[in-house]
Amino acid sequence: MAGNSTPELIAAVSNAGGLGSYGCAMLSREQLADECKRIRTLSNRSFNLNFFCHAPPNVTAEQEDAWRAKLAPYYAELDVEVGSSAGGARRPFDEETCDAVLAIGPRVVSFHFGMPKPGLVQRLKAAGMVLMSSATTSAEARRLVDLGADVIVAQGFEAGGHRGMFSDVRHQLPGRNHGVGPAGGRCGQPAGHRDRRDCGRARRGSGAGARRGCGAGRHGLPVLPAGKVSAPHRAALRGAHDDETVLTNLFTGRPARGLVNRFIRELGPINATAPQFPTAANAVTPLRAEAERRGSSDFSPLWSGQAAALAREVDAADLTRSLAAGMFEVLGDLGDAARSAQGRQRTPAHN
């Protein structure tokens, strides 16, 4: 949830017994420190900081110019000046960021698009931090464990926003229930899942534990009042249907799942002119800002999972407690089933 996290959201989840997680990929070092100070004024519980591990883009001026030329009619329509912006300011985890994280001292740090360089991983582990990362295939999960991940967050093809794939898996796009879900069991790590049924499968498959998400909305989550999801994005989620999401590279240069809007309909969800992630966002951000100022989501990335129709307004603390109750219910059912099976095995057979 880079760009949509707030200290209030993270604190609400942590105070309710979950692990509040802040998407930090778009924060400056100063902003990161300030936001974490704010979290600690709202909660004394553990929280997680999340970062990207993408390769820095290799984009030429000609590629950026071609992308702006493609968008020129929209600039003219909205009377927006063609120029650079900070829309692509998504930095991969580096030495400077590592220094900032070590100074803050969170209990958990998570990553998207792989893992940091080995030296950075060693520094975080030496400080006693638990490291998590996202996998979209079992092979990625095993690779993450080799790179130092303690927990695997499993993502299927239906996930909203940018999936955490970091290998060339364009020909391998399984759902959670076709090889990704059991990833934790296959590599001996806990795995992350979305709903109570997924958590039950995670426990049966790995015996290790599960990290919870839920529902539909920004990056697979319900529309949470404590987050910074824009008003046009919230409105789009309220009216969404389950057949209205696509993978698109228009907004950042990397395929991500979101609701179809005018921008996607007119340029097509995948456009070869869009420069490499995250550079494409530079030219789109001014259009998004002006359109949203006018109350329109025509140029906004309306990130959502395939279960968009389930999106709903819900308090973060209430959601966390509900998910925990559902998890314990599933575990209780599994325990009852196991005890029943053991009882049948001990009962002698009668002719």
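Let me sum up the structure you'll find in this document. Because the structure is a prediction, the values reported are computed rather than measured. (Residues numbered from 1 in each chain as written. Predicted model: local features only at pLDDT ≥ 70, side-chain atom pairs only at ≥ 80, totals over all residues. Heavy atoms only, no water.)

**Section: the nonpolar core**
Formed by 32 residues in total, the largest nonpolar core has its most connected members in Leu 32, Leu 49, Phe 51, Phe 93 and Phe 111. Within the residue set of this core, elements represented by two or more residues are helix 1 (7–15), helix 2 (29–42), strand 2 (47–52), helix 4 (95–104), strand 3 (108–112), helix 5 (118–126), strand 4 (130–135) and helix 6 (138–146). Broken down by element, this core gets its largest block of residues, 4 residues, from helix 4. (Core = buried A, V, L, I, M, F, W, Y, C linked by side-chain atoms within 4.5 Å. Buried < 20%, exposed > 50% of the residue type's maximum accessible area, 1.4 Å probe, protein only. Helix = DSSP H or I, 4+ residues; strand = E, 2+ residues; numbered from the N terminus.)

**Comments concerning helix 2**
Relative to the 20 Å expected for 14 residues at 1.5 Å per residue, helix 2 spans 20 Å between its end C-alpha atoms, a close match to the ideal helical length. Among all positions of helix 2, only Arg 29, Leu 32, Cys 36 and Ile 39 are buried. Axial view of helix 2: buried residues confined to an arc of 80°, hence all on one face. Facing away from the buried surface of helix 2 by more than 90 degrees, the exposed residues are Glu 30, Lys 37 and Thr 41. Those residues of helix 2 that are buried lie in contact with helix 1, strand 1 (20–23), strand 2 and helix 4. (Expected span 1.5 Å × (residues − 1). Arc of directions from axis to C-beta. Contact = heavy atoms within 4.5 Å.)

**Description of unusual backbone geometry**
Residue Pro 278 is reached from Phe 277 by a cis peptide bond, and omega for that bond is -5°. With a phi close to 55°, Asp 79 is a non-glycine residue in the positive phi region. According to the relative accessible area criterion, Asp 79 is exposed, its value standing at 70%.

**Concerning the pattern of salt bridges**
Inspection of the entire model under this criterion finds 17 salt bridges. Each of Arg 29, Arg 91, Asp 94 and Glu 96 takes part in salt bridges that share partners, so that together they form one network. (Salt bridge = Lys/Arg side-chain N within 4 Å of Asp/Glu carboxyl O.)

**What to know about the pairing of strand 4**
Most of strand 4 sits out of view: 5 of its 6 residues are buried. Pairing analysis gives 4 bridges linking strand 3 to strand 4, with the strands arranged parallel. Its bridge partner lying in strand 4, Val 109 is registered against Leu 131. Tracing the backbone out of strand 3, into helix 5 and back to the parallel element strand 4 gives a crossover that is right-handed. Where strand 4 and strand 5 (residues 151–154) come together, 4 bridges link them in parallel fashion. The residue of strand 5 that forms the bridge with Met 132 is Val 151. (Pairing = 2+ DSSP bridges. Right-handed = clockwise from strand over helix to strand, strands pointing away.)

Keep in mind these values describe shape, not function.
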